[in-house]
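The lines below spell out each chain.
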Protein chains: 2
Amino acid sequence: MSNSPHQPLGTELPVTDRTRLRRMKEKGRTARADLDAVLAAGFVCHLGVVVDGAPVVVPTVYGAAEDTLYFHGSVAARSLTSAPGQTVCVTVTHVDGVVLARSLFEHSINYRSAMIYGVPRPVTDPEETLAGLRLITEQAQPGQWDYARRPSRKELAATTLLALSLEEASVKLRTGPPDDGDSPDAALGLWAGVVPVRLVRGAPVPDPALAPDVPLPHHLG
Amino acid sequence: MSNSPHQPLGTELPVTDRTRLRRMKEKGRTARADLDAVLAAGFVCHLGVVVDGAPVVVPTVYGAAEDTLYFHGSVAARSLTSAPGQTVCVTVTHVDGVVLARSLFEHSINYRSAMIYGVPRPVTDPEETLAGLRLITEQAQPGQWDYARRPSRKELAATTLLALSLEEASVKLRTGPPDDGDSPDAALGLWAGVVPVRLVRGAPVPDPALAPDVPLPHHLG
């Protein structure tokens, strides 16, 4: 976002105490492009906040800009209004496959996951609010922002939008076949491989309340 | 689990201060069967823990028994070893569709989500460990536990399994068309409906290291 107070991010993700991987280092990625790719591939994240000392994890939609993640503050209202300025963790995960090894111990999941830490900033500028909502909408359904009715002044006033800097983030992923293809277990003669998993979008289902002459817009066709 | 210390759960989920819904009450479900259905429909959860006062949300696999959720402790090792006895939040989410309304304000997501709160119990009994691992494996790929090589004593010793009671849980979901079919916006003549989304399992992909004569087992066919 051009009107964001954050500096543009570099091509490498800075490693902090939180984003340094403690386990399975081979699965970590530190390129900024990997973060962008994980965020671009989905539209639902899991937002973690602390309420009364205990974690609360809620799913919510998000929109990713160059250096900022936008999400609705209402989902976190309970915690973020009671404790503004607190750190949150946003995790975006894509499950790509179930990894079936020769041994159950080597079973795994192919996935791509990003974790972003930071103190969210309430968005108050009307222009940034619209830009953030546009990103959230377009992430879930490209083309929809220019098609549907824009938010009214009253609706905007009822919207709590939060912005989270992408400065402190980590990316982890696993790809490929099981790891025990060259182990003694390979001699067991058991089948091993990956069952691919992917999120598929189906054909649009019209609202039953829709008049029959309303055409499906081009961006959904 | 018959060897679990928890009492069997009733058919209704008890409402606690944490599971009482503050917003969108119409989306809440309190039947135990709704929780079971959400847990049965997936195999990846998002586990929220508190580390140094800040939330950390990590994706991990799980297995659901009648009154207990099992997951690997290693993913939470950083927090759960430094602060044993702390409350966690496990969230399981299925995205079912993108709800395209006439107004952007009414855009939404069709989803099913369960949140479980509690203090996880480290599983130390070898029989319960095997039963928990079996549930986790079978949740991701039914039939696989009886096919692949079982964990050795050494592998079991390297496995940290946690059990979380399903006593304190909430279920939220949204289904159906957009909510503005009977609003003034219906007169705008805009298309509205739902783009269905679902997780699809593809055909199994053999490990390139696999000998060509190893048949695909029946449970994967």
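Residues numbered from 1 in each chain as written. Chains lettered and ligands numbered in written order. Predicted model: local features only at pLDDT ≥ 70, side-chain atom pairs only at ≥ 80, totals over all residues. Heavy atoms only, no water.

1. A short note on the confidence of the model for chain A
All names here are of chain A. The condition is simple: The predictor rates its confidence in each residue with pLDDT, a number between 0 and 100. To qualify as a helix, a DSSP run of H or I must reach at least 4 residues; to qualify as a strand, a run of E must reach at least 2; elements of each kind are numbered from the N terminus. A contact between two residues is defined here by any heavy atoms of the two lying within 4.5 Å.
Chain-level pLDDT for chain A is 88 on average; 88% of the residues reach the 70-or-more range. When pLDDT is averaged over each element of chain A, strand S11 (residues 205-206) comes out on top at 98 and helix H2 (residues 77-80) at the bottom at 61. Confidence drops under pLDDT 50 across residues 1-7; counting only partners more than four residues distant or on other chains, this segment forms 19 contacts. The model gives residues 22-26 a pLDDT under 50, and that stretch makes 5 contacts with residues more than four places away or in other chains.

2. Regarding the nonpolar core
To be explicit about the condition: In these notes, a set of buried Ala, Val, Leu, Ile, Met, Phe, Trp, Tyr and Cys residues joined through side-chain atoms within 4.5 Å is what counts as a nonpolar core. For the exposure calls, accessible area comes from a 1.4 Å probe over protein chains only, and a residue counts as buried if that area is under 20% of its type's maximum, exposed if over 50%, partly exposed in between.
One finds A:Leu39, A:Leu69, B:Leu39 and B:Leu69 to be the most contacted residues of the largest nonpolar core, which totals 54 residues. Apart from the residues within four sequence positions on either side, B:Leu69 is in contact with B:Leu39, B:Tyr62, B:Gly63, B:Ala64, B:Val90, B:Ile116, B:Leu162, B:Ala163, B:Leu164 and B:Leu166.

3. A short note on the pairing of strand S10 (residues 193-201) of chain B
Applicable threshold: Two strands are said to pair when DSSP picks up at least two bridges between them.
Pairing of strand S10 (residues 193-201) of chain A with S10(B) involves 5 bridges; the strand directions are antiparallel. Following the sheet pairing, A:Arg198 is matched in S10(B) by B:Val200. The pairing of S11(A) with S10(B) spans 2 bridges and is antiparallel. When the bridges of S10(B) are listed, A:Pro206 appears paired with B:Gly193. Of the pairings in the sheet, the one linking strand S5 (residues 88-100) of chain B to S10(B) comprises 4 bridges and is antiparallel in character. Residue B:Gly97 lies in a different strand from S10(B), and its bridge partner there is B:Pro196.

4. Remarks on the relation of the copies chain A and chain B
Applied cut-off: What sets the superposition is a least-squares fit of C-alpha atoms, and only residues with pLDDT of at least 70 in both copies go into it.
When chain A is fitted to chain B, the best match, at an RMSD of 0.0 Å, comes from turning it 180° and sliding it 0.0 Å along the axis. Here the two chains are linked by the operation of a two-fold rotation axis. Within chain A, A:Leu199 has its C-alpha nearest the rotation axis, a separation of 2.2 Å. Most of the interface of chain A is mirrored in chain B: 100% of its interface residues are interface residues there too.

5. With respect to the interface of chain A and chain B
For clarity, the cut-off: Once two parts are brought into contact, the accessible area they lose, counted with a 1.4 Å probe and summed over both, makes up the buried area. Salt bridges are defined as contacts in which a side-chain nitrogen from Lys or Arg sits within 4 Å of a carboxyl oxygen from Asp or Glu.
Counting residues at the interface gives 84 residues for chain A, matched by 84 residues for chain B. Regarding the contact of chain A and chain B, the summed buried area is about 6800 Å², with carbon and sulfur atoms giving 69% of it. Area buried by chain A at its contact with chain B is led by A:Leu104, A:Arg149 and A:Trp191, which between them contribute 12% of it. Inspection of the region where chain A meets chain B yields 4 salt bridges.

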